[in-house]
Amino acid sequence: MLAASLISQVRNNAEIEVGMITFISGDDSSSHLNPTINLYGSLKRMKKVVGLIRPDFLLGAFELALFNSHGHPDGGQVLQGHGHAIIAGKPGLLRRAEQVAIKQKHRFTPNITGAKAIDIKRVDTSEINLARVANYLFKPPYKCMNWNPGKDGKPGHMNGSEKGDRYIRYLRLAQIRTMMRFEDTLFASGTGVKLRGEIVSFLRGLAKKEGAHGTAVLHPDAIASFWAAIMPELPRSKQWNLPIIKTRH
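It should be emphasised that the depicted structure is a prediction, and the values quoted were computed from it without experimental measurement. (Residues numbered from 1 in each chain as written. Predicted model: local features only at pLDDT ≥ 70, side-chain atom pairs only at ≥ 80, totals over all residues. Heavy atoms only, no water.)

1. What about the pattern of salt bridges?
Reasoning step 1: Summed over the entire model, instances satisfying the criterion amount to eleven salt bridges.
Reasoning step 2: Residue E127 pairs with R11 through a salt bridge whose shortest N-O separation is 2.9 Å. Here E127, found in helix α4 (residues 127-137), pairs with R11, found in helix α1 (residues 2-12); they are 116 residues apart in sequence, far enough to count as distant.
Reasoning step 3: On the accessibility criterion, E127 (40% relative accessible area) is partly exposed.
Reasoning step 4: We note a salt bridge from D119 to K116, for which the minimum N-O separation is 4.0 Å.
Reasoning step 5: One continuous salt-bridge network, built from bridges that share partners, spans R181, E183, D184 and R204. (Salt bridge = Lys/Arg side-chain N within 4 Å of Asp/Glu carboxyl O. Helix = DSSP H or I, 4+ residues; strand = E, 2+ residues; numbered from the N terminus. Buried < 20%, exposed > 50% of the residue type's maximum accessible area, 1.4 Å probe, protein only.)

2. Observations concerning the packing of aromatic side chains
Reasoning step 1: What the rule picks out here adds up to four aromatic pairs.
Reasoning step 2: Considering the side-chain rings of F23 and F108, the 5.9 Å spacing of their centres and the 15° angle between planes classify their relative orientation as stacked. Of this pair, F23 sits in strand β1 (residues 17-31) while F108 sits in the loop between α3 (93-104) and β5 (118-122), and the two are 85 residues apart along the sequence. Each member of the pair F23 and F108 is classed as buried.
Reasoning step 3: Ring plane angle 35° and centroid distance 6.1 Å describe the contact between F138 and F182, whose orientation is recorded as tilted. Here F182 lies in the loop between α5 (166-178) and β8 (186-190) and F138 lies in the loop between α4 and β6 (145-148), a separation of 44 residues in the sequence.
Reasoning step 4: In this structure, R45 packs its charged tip against the face of F108, placed 5.6 Å from the ring centre. (Phe/Tyr/Trp six-rings, centres within 6.5 Å; stacked < 30°, edge-to-face > 60°. Lys NZ or Arg CZ within 6 Å of the ring centre and 35° of its normal.)

3. What about the side chain of N146?
Reasoning step 1: Here N146 shows up in strand β6.
Reasoning step 2: With relative accessibility at 15%, the residue N146 sits in the buried group.
Reasoning step 3: Within polar-contact distance, the side chain of N146 engages the backbone nitrogen of S69 at 3.4 Å.
Reasoning step 4: Excluding anything up to four places from it in sequence, N146 contacts N68, S69, H157, M158, N159, G160 and S161. (Polar contact = N/O pair within 3.5 Å; in protein donor to acceptor, adjacent residues only side chain to side chain. Contact = heavy atoms within 4.5 Å.)

Below, the structure written as structure tokens:
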């Protein structure tokens, strides 16, 4: 649905600019054993920045990355929240976005990788690339990450983990993600607001259809109880605490 919207916009206006913004703040870092995820604060910070850019279209999503390469002071590994947003608008949009990023980067504390707090990349507007970028916004957290600091003047780099323990950590990511309502992770402005509503409505309808014949359809409030019942059967999950997810001030 996002890809179709972007492709339609480009077809109607060949001069339109499309960009991808990545937001990373150290304030969104937590322990994967004892996670506190401030969705409200993170989305508020990102929406403040994009509000100053004032794009004609924006759709963004909050997501999580788990780092095998970095332990957290509170135990376990670093769980880094961050966001990606796709913007589209009139020529000059990306130049303005860069200007806003310079002025607003103080809102984001340094993160463990030293990556830019607000990173803006121009998106090629070919149809296949727009589809690829749209898909990226909703990709599941299917890899743990390793951050390798730079040496001898060379920049650092990131790569996906190949450690043998990755599957239990992916299960932990899945557990945390199921406790975050999809609509609570999305933010939008301009014509993206309508698209956000359509995507949420579509997924709600799909969930009701798929669960219609189940014997025990989970209510959102029952998800924590579901996981609490499963965790004792997983020896390595004994250190996991259910996440605290803040969706209001």
